[in-house]
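Spelled out from the first residue to the last, the chains are:
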Amino acid sequence: MRTQVVIIGSGPAGLLLGQLLTNAGIDNVILERVSQDYVLGRIRAGVLEEGMAGLLDEAGAGERMRREGLPHDGFDLTFSGKHHRIDLHGLTGKHVIVYGQTEVTRNLMDRRAATGGISIYEAADVQPNDFDGERPYVTYSKDGVEHRLDCDFIAGCDGYHGPSRKAVEGKGLETFERVYPFGWLGIVADVPPVSHELIYSNHRRGFALCSMRSATRSRYYVQCGLDDRVEAWSDDRFWDEIRSRLPAETAEAMTTGPSIEKSIAPLRSFVAEPLRFGRLFLVGDAGHIVPPTGAKGLNLAASDVRYLFDALQEYYAEQSAAGIDGYSARALARVWKAERFSWWMTNTLHRFPDTGTFGQRIQEAELEYLTGSRAASTSLAENYVGLPY
């Protein structure tokens, strides 16, 4: 087979890039190592910046998001037993949309099927080749048969553990990483959210987050130790713990119920540089990871897609390589700003092993300043709703 662009990975980044390319008349094939059902079974983030929502509209996959998504004009910070609302819309004129990543993926898959896009699932041993030259290709096996897919470009949208970044190790790749000394224990439950907006809580027992996927499905998190095990957390223990980290009136208003999903995720900040190696591009989690505190991971993948799609469209429409040559620098400039914001949110809201009483008072002073200063609140808000592309 031959195509113009091979996309490795059928998550939101790969599907979004593939659909934008298809809409522009640029041939592409998506390779995914697991099944379509497995991809749809992943429960991930769901706070969309306006930029990402606009890209979904551009791809023709935004109709259900606009109909069912929950626009949020602000969120709550709680500390010292008090609520403080950050008025995102009032400070920036923008809002975010709460809409699950699973639904984003489903809508993009449906759109790809409707427009005849080719996706090959359960493709094993995917390997980019010769991307340093003019004729790259990707090899993979399917049902025990080896395949070769020739192309002009390869987009590595295959996540942190995928083959794309592994293929460029030793080729000038530099990495930057911060691993945090705690994780997030998260549950999903079919109960109404405790608030119509997200609640971020700084508490002496640790961070907590009250989020949602819909008006009837809630997503809750508590900071936990890296050595914690999901099996040690019964539903009752989780509900008791998260309520202890919230103001009393919020804890009393919380509806509890059996969890339908429960997991522990470690937190890290990670950036790979550059994001372009000849005709291979790293996109989304293949090139960078952020702690989820700032709701930036999925949105950063979308901005990478924006830059790469524009570059590829320019290449095929105008025979210009300017966008391709500038992709890495352009994407990384936004990545590092989002990494800074996510790092700051994580440091401000979590309890670190060495926080101590002094560190706790410093966090409280930071939060008091943040909620008492319009300038500081505006800085938080403009980063949260998403910096411009």
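For every chain, the first residue of the written sequence is number 1, and numbering continues from 1 onward in sequence order. Since the coordinates come from a predicted model, pLDDT governs what is reported: local features require at least 70, and pairs of side-chain atoms require 80 or more to be given and counted, while whole-chain, interface and lining totals use all residues. Computation of side-chain values: all heavy atoms of the structure, hydrogens and water removed.

**Topic: the overall build of the protein**
To qualify as a helix, a DSSP run of H or I must reach at least 4 residues; to qualify as a strand, a run of E must reach at least 2; elements of each kind are numbered from the N terminus. Counting secondary structure elements, the protein contains 13 helices and 20 strands. We compute the radius of gyration from the C-alpha atoms alone; for a globule the expected value is 2.2 Å times N to the 0.38, where N is the number of residues. Taking 21 Å as the expected radius of gyration for a compact globule of 389 residues, we find that the protein reaches 21 Å, a close match to that expectation. Scored against the burial criterion, the 389 residues of the protein give a buried share of 55%. We call two residues in contact when some of their heavy atoms are within 4.5 Å. Sequence-distant contacts, at least 24 apart, represent 72% of the contacts inside the protein between residues at least 6 apart. We get accessible surface area from the Shrake-Rupley algorithm with a probe of 1.4 Å; when it comes to residues, only the shown protein chains can shield them. Of the roughly 16,300 Å² that the protein leaves accessible, carbon and sulfur atoms contribute 49%. Averaging the positions of the 42 positive and the 52 negative side-chain charges in the protein gives two centres separated by 2 Å. A 1.4 Å probe rolled over the protein chains alone gives each residue an accessible area, and that area as a share of the maximum for its type sets the label: buried under 20%, exposed over 50%, partly exposed in between. Two residue types count as positive, namely Lys and Arg, and two as negative, namely Asp and Glu; His and chain ends fall outside the count. Think of each charge as sitting on NZ of Lys, CZ of Arg, CG of Asp or CD of Glu.

**Comments concerning the pairing of strand 2 (residues 28-31)**
Because side chains alternate across strand 2, one face comprises the buried residues N28 and I30, and the other comprises V29 and L31, equally buried. Pairing between strand 1 (residues 5-8) and strand 2: four bridges, direction parallel. Note that in strand 2 the partner of I7 across the bridge is I30. For the crossover from strand 1 across helix 1 (residues 12-23) to strand 2, the handedness is right-handed. Whether two strands pair comes down to DSSP finding at least two bridges between them. For strand 2 and strand 8 (residues 118-120), the ladder comprises three bridges, and the chain directions are parallel. Its bridge partner lying in strand 8, V29 is registered against I118. For the handedness criterion, the strands are oriented away from the viewer, and a crossover whose path from the first strand over the helix to the second runs clockwise is classed as right-handed.

**Section: the packing of helix 1 against helix 3 (residues 50-59)**
Between helix 1 and helix 3, the shortest axis-to-axis distance is 9 Å and the interhelical angle comes to 45°. In terms of axis orientation, helix 1 runs oblique to helix 3. Handedness of the helix 1/helix 3 crossing: left-handed. Contacts between helix 1 and helix 3 involve L16, Q19, L20 and N23 from the first element and L55, L56, E58 and A59 from the second. The residue classification treats Ala, Val, Leu, Ile, Met, Phe, Trp, Tyr, Cys and Pro as nonpolar and Asp, Glu, Lys and Arg as charged. All others, Gly included, are polar. Classifying every residue of the contact of helix 1 with helix 3 gives five nonpolar, two polar and one charged. Note on definitions: angles span 0 to 180 degrees between N-to-C directions of axes, and those axes are lines fitted to C-alpha atoms, for helices only across the stretch in contact. Any angle from 65 to 115 degrees is called roughly perpendicular, while one under 35 is roughly parallel, one over 145 is roughly antiparallel, and all others are oblique. Each helix crossing is assigned a hand: it is left-handed if the near helix lies turned anticlockwise from the far helix by less than a right angle, otherwise right-handed if that turn is clockwise.

**Things to note about the sheet that holds strand 10 (residues 137-142)**
If you walk across this open sheet you meet the three strands as 9-10-11, and the pairing is antiparallel. Strands with a single pairing partner mark the edges of an open sheet, and in this sheet they are strand 9 (124-129) and strand 11 (145-150). The mean inter-strand angle of the sheet, taken between neighbouring strand axes irrespective of direction, is 15°. Inspection of the sheet shows strand 9 paired to strand 10 by four bridges, in the antiparallel sense. The residue bridging P128 from the neighbouring strand is V138, located in strand 10.

**A closer look at the packing of helix 1 against helix 10 (residues 297-318)**
Running from amino to carboxyl end, helix 1 crosses helix 10 at an angle of 30°, the nearest separation of the two axes being 9 Å. Judged by the angle between their axes, helix 1 and helix 10 are roughly parallel. Crossing of helix 1 against helix 10: the hand is right-handed. Counted together, P12, A13, L16, L17, L20 and L21 of helix 1 and L298, A301, A302, V305, L308, F309 and L312 of helix 10 form the full contact between these two elements. Looking at the contact of helix 1 with helix 10 residue by residue, the classes come out as 13 nonpolar, no polar and no charged.

**Things to note about the environment of R165**
Mapped onto the fold, R165 is located in helix 7 (residues 163-167). The exposure class of R165 is buried, given its relative accessible area of 9%. When the C-alpha atoms of R165 and F281 are compared, they prove to be 9.1 Å apart, with 116 residues separating the residues in sequence. Residues contacting R165, with those up to four places away along its chain left out, are G159, Y160, L173, F270, A272, L282, D285 and A286.

**A closer look at the pattern of salt bridges**
Each salt bridge in this description consists of a side-chain nitrogen of Lys or Arg and a carboxyl oxygen of Asp or Glu lying within 4 Å of one another. In this structure the tally under the stated criterion is 27 salt bridges. The partner of E368 in a salt bridge is K82, with the nearest N and O atoms 3.8 Å apart. Taken as a pair, E368 in helix 12 (residues 356-372) and K82 in strand 6 (residues 82-87) lie far apart in primary sequence, 286 residues in all. With a relative accessible area of 39%, K82 lands in the partly exposed category. Put simply, R106 and E103 hold a salt bridge, and the shortest N to O gap is 3.5 Å. Of this pair, R106 and E103 are both found in helix 6 (residues 101-114), three residues apart, which corresponds to roughly one turn of the helix. When its relative accessible area of 31% is taken as the criterion, R106 is described as partly exposed. Taking relative accessible area as the criterion, E103 reaches 23% and is therefore assigned partly exposed. A cluster of three or more residues bridged by salt bridges with shared partners is formed by E63, R64, R67, E68, E103 and R106.

In short, geometric facts, not functional conclusions.
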